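# Observations on the three-dimensional arrangement
Read off the chains here:
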Amino acid sequence: MKIREIIISWDTGFALIIAGVAFLLLPSQVAGAYAKDVYFVGITVLATIAPMFFAALAIVTSLSDNDFIDFLEEDGTYTALLQDFGYSLSIMLAILVVSILLYFYTQYELLNTSYIQPKMVVVSFLFGFSYALFAGFL
């Protein structure tokens, strides 16, 4: 997958729209409790979708007939398909790890004070989360 194909794509466009709407709607400082809930939703959704996506990748690689693979590989479709699956799965798992780290950090900060988080942290997370979902969907 080329960088240009990643940047100029439907999934990047959709993620930018969602991040832009969040940027416009969220206040400059986001309450830590709200941010924690956003990260929890990210954990829940990605922890549900990533294993199914991984299972789909395993099915594509293991159950294919050699004739079918040869047919798809004539024009490079099979390799491109596997690369797209691997890329999307990597993005999902990376954003899942980020959401877990942000969740625990925000929860820790909320134990001591009424923590307020900068808007750009939540907006950046929403961009990554949306991108991972749309990359997997597309």
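In this text the structure is predicted, and so the values were computed from the model without any measurement. (Residues numbered from 1 in each chain as written. Predicted model: local features only at pLDDT ≥ 70, side-chain atom pairs only at ≥ 80, totals over all residues. Heavy atoms only, no water.)

### Here we look at the confidence of the model for the protein
Under the convention used in this document: Along the chain, pLDDT gives the predictor's confidence residue by residue, from 0 to 100. Only DSSP runs of H or I covering at least 4 residues are called helices, and only runs of E covering at least 2 are called strands; the numbering of each starts at the N terminus.
Within the protein, residue pLDDT values average 87, and 96% of them lie at 70 or more. For the protein, per-element mean pLDDT is lowest for helix α1 (residues 3-7), which scores 71, and highest for strand β1 (residues 29-31), which scores 94.

### Some points on the packing of aromatic side chains
Put simply, the test is: Aromatic rings from Phe, Tyr and Trp, taking only the six-membered ring of Trp, are treated as a pair when their centres fall within 6.5 Å; an angle between ring planes under 30 degrees marks them as stacked, one over 60 as edge-to-face, and anything in between as tilted. Relative accessibility decides the category of a residue: with a 1.4 Å probe and only protein chains considered, values under 20% of the type maximum give buried, values over 50% give exposed, and everything between is partly exposed.
Scanning the entire structure with this criterion turns up nine aromatic pairs. Ring centres of F14 and F134 lie 5.1 Å apart, and the angle between their planes is 50 degrees; on these two criteria the pair is classed as tilted. Pair noted here: F14 is in helix α2 (residues 10-25) and F134 is in helix α6 (residues 119-137), with a separation of 120 residues, a long-range link. Overall, the relative accessible area of 32% leaves F14 in the partly exposed class. Pairing Y39 with F125 gives two aromatic rings, centres 5.1 Å apart and planes at 90 degrees, and the pair type is edge-to-face. Here Y39, found in helix α3 (residues 32-62), pairs with F125, found in helix α6; they are 86 residues apart in sequence, far enough to count as distant. Overall, Y39 belongs to the buried group, its relative accessible area being 0%. Among the aromatic residues, those joined into a cluster by ring pairs are W10, F14 and F134.

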